[in-house]
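Structural characterization, general
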Amino acid sequence: MDASPRIDPQQQRSHRRRNAVHSALLLGAMLVLLGLCGWIVGGVPGLIWLGFIGVAGLGAAMRVSPGMVLRLFRAVPLSRADLPEVYDITVELARRAGLRRVPPLYFISSPTMNAFTVGGEADGAVAVTGGLLRALDLRQLAGVLAHEICHLRSGDTRVMALADLIGRTTRVMSFAGLLLLLFNLPLMATGGGTVSWLLVLLLVFAPTLVGLLQLALSRTREFEADVSAVALTDDPDGMASALQRLEDYQAGFWEDILLPGRRVPIPSVLRSHPTSA
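Here we summarise the structure given alongside this text. What you see is a predicted model, and the numbers here were worked out from it, not measured in a lab.

What counts and what doesn't
Residues numbered from 1 in each chain as written. Predicted model: local features only at pLDDT ≥ 70, side-chain atom pairs only at ≥ 80, totals over all residues. Heavy atoms only, no water. Helix = DSSP H or I, 4+ residues; strand = E, 2+ residues; numbered from the N terminus. Expected span 1.5 Å × (residues − 1). Buried < 20%, exposed > 50% of the residue type's maximum accessible area, 1.4 Å probe, protein only. Contact = heavy atoms within 4.5 Å. Polar contact = N/O pair within 3.5 Å; in protein donor to acceptor, adjacent residues only side chain to side chain. Pairing = 2+ DSSP bridges. Axes fitted to C-alpha atoms, helices over the stretch in contact; angles between N-to-C directions. Phe/Tyr/Trp six-rings, centres within 6.5 Å; stacked < 30°, edge-to-face > 60°. Lys NZ or Arg CZ within 6 Å of the ring centre and 35° of its normal.

**As for helix α3 (residues 84-97)**
- Between its terminal C-alpha atoms α3 stretches 20 Å, which fits the 20 Å expected from 14 residues at 1.5 Å a residue.
- Phi turns positive one or two residues past the end of α3, at Gly 98, with a value near 75 degrees.

**So, the environment of Thr 117**
- For Thr 117, the location among the structural elements is in strand β3 (residues 115-118).
- Taking the relative accessible area as the measure of exposure, Thr 117 reaches 12% and is therefore buried.
- The spacing of Thr 117 and Glu 148 is 31 residues in sequence and 5.9 Å in space, taken between C-alpha atoms.
- Beyond its immediate sequence surroundings of up to four residues, Thr 117 is in contact with Ala 125, Val 126, Glu 148, His 151, Leu 152 and Thr 157.

**Topic: helix α5 (residues 138-154)**
- For α5, with 17 residues, the first-to-last C-alpha span of 24 Å sits near the 24 Å given by 1.5 Å per residue.
- Most of α5 is tucked away: 13 of the 17 residues are buried.
- Where α5 starts, the residue carrying a side-chain oxygen 3.2 Å from the main-chain nitrogen of Arg 139 turns out to be Asp 137.
- Positive phi shows up at Gly 155, right after α5, with a value of about 70 degrees.

**Structural notes on the sheet that holds strand β4 (residues 125-129)**
- An order of β1-β2-β4-β3 is seen for the four strands of this open sheet, with the pairing classed as mixed. Two strands close off the open sheet at either side, each with one partner strand: β1 (76-78) and β3. In this sheet, adjacent strand axes meet at a mean angle of 35 degrees when their direction is disregarded.
- Bridge analysis of β1 against strand β2 (residues 105-108) gives three bridges, and the strand direction is antiparallel. Considered in β2, the bridge of Pro 77 is made with Tyr 106.
- Its contacts with the sheet put α5 on β2, β3 and β4, and the angle it makes with β3 is roughly 20 degrees.

**Digging into the packing of aromatic side chains**
- For the structure on display, the rule yields two aromatic pairs.
- Where Trp 49 meets Phe 52, the ring centres are 6.2 Å apart and the plane angle is 65 degrees; that geometry is what we call edge-to-face. Separated by three residues within a single helix, Trp 49 and Phe 52 lie in helix α1 (residues 9-62), roughly one turn from each other. Accessibility assignment for this pair places Trp 49 and Phe 52 in one class, exposed.
- Seen from their ring centres, Phe 73 and Phe 116 are 5.0 Å apart, and the 45 degrees between their planes marks the pair as tilted. Of this pair, Phe 73 sits in the loop between α2 (66-72) and β1 while Phe 116 sits in strand β3, and the two are 43 residues apart along the sequence.
- Over the face of the ring belonging to Phe 223 we find Arg 219, whose NZ or CZ atom lies 4.8 Å from the ring centre.

Distances and angles like these do not, on their own, reveal function.
Written out as structure tokens, the structure reads:
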């Protein structure tokens, strides 16, 4: 990893600002959809209760410790004695990223190629699978670790936890609204009430719309982490080769043989990382 940056700092700051605005707009749109569902179901009192539920749910989600998540995956801590080169790379990347602490590394005994981040900058950790360590060389692995460290620095785990909470609550409100409509169908059939079918359609499609917005938000945060990771490693080719290796793994051998051309063509609105080309 060369210390001299190849990415124009001004261009990177501009890219970061655009992604921040994009993320805020997507989260705002998700909150508007959730609020509309709450209003349809319960009016103004429904919005008030929705606010209380949202604050309580977000507080509970933020209190989930990284250790609890890692235990669910049976992750074990890695020391410098286990993987000295990987450990040193992590220390250097954390220094370049300006983190107050080096995130500990954890190992998950799984043949899949995966890495993920839990927690925030103050208590976060990075987990890698055995399949990833075996498949990538050190140069590619540095790109993946830089990507995860950038997620920690940007607080992306918190952002996506909020998006997940909004998505789950929207699905609950949509189900509750449609259930109330079903119970009131006999009353409406006898002329005892009317219903706005536009609002019914909103209840039906709100979970799908919020899910698409959540995918777009995830894509935005992944793009930002990829660009920031290249700036940390100063190795765009290493990052690109790591992304290509992961993409080839996800495509799979049988997909290439039995379903050629099935994958979504580039560019795709649902792509979670930039093209490696």
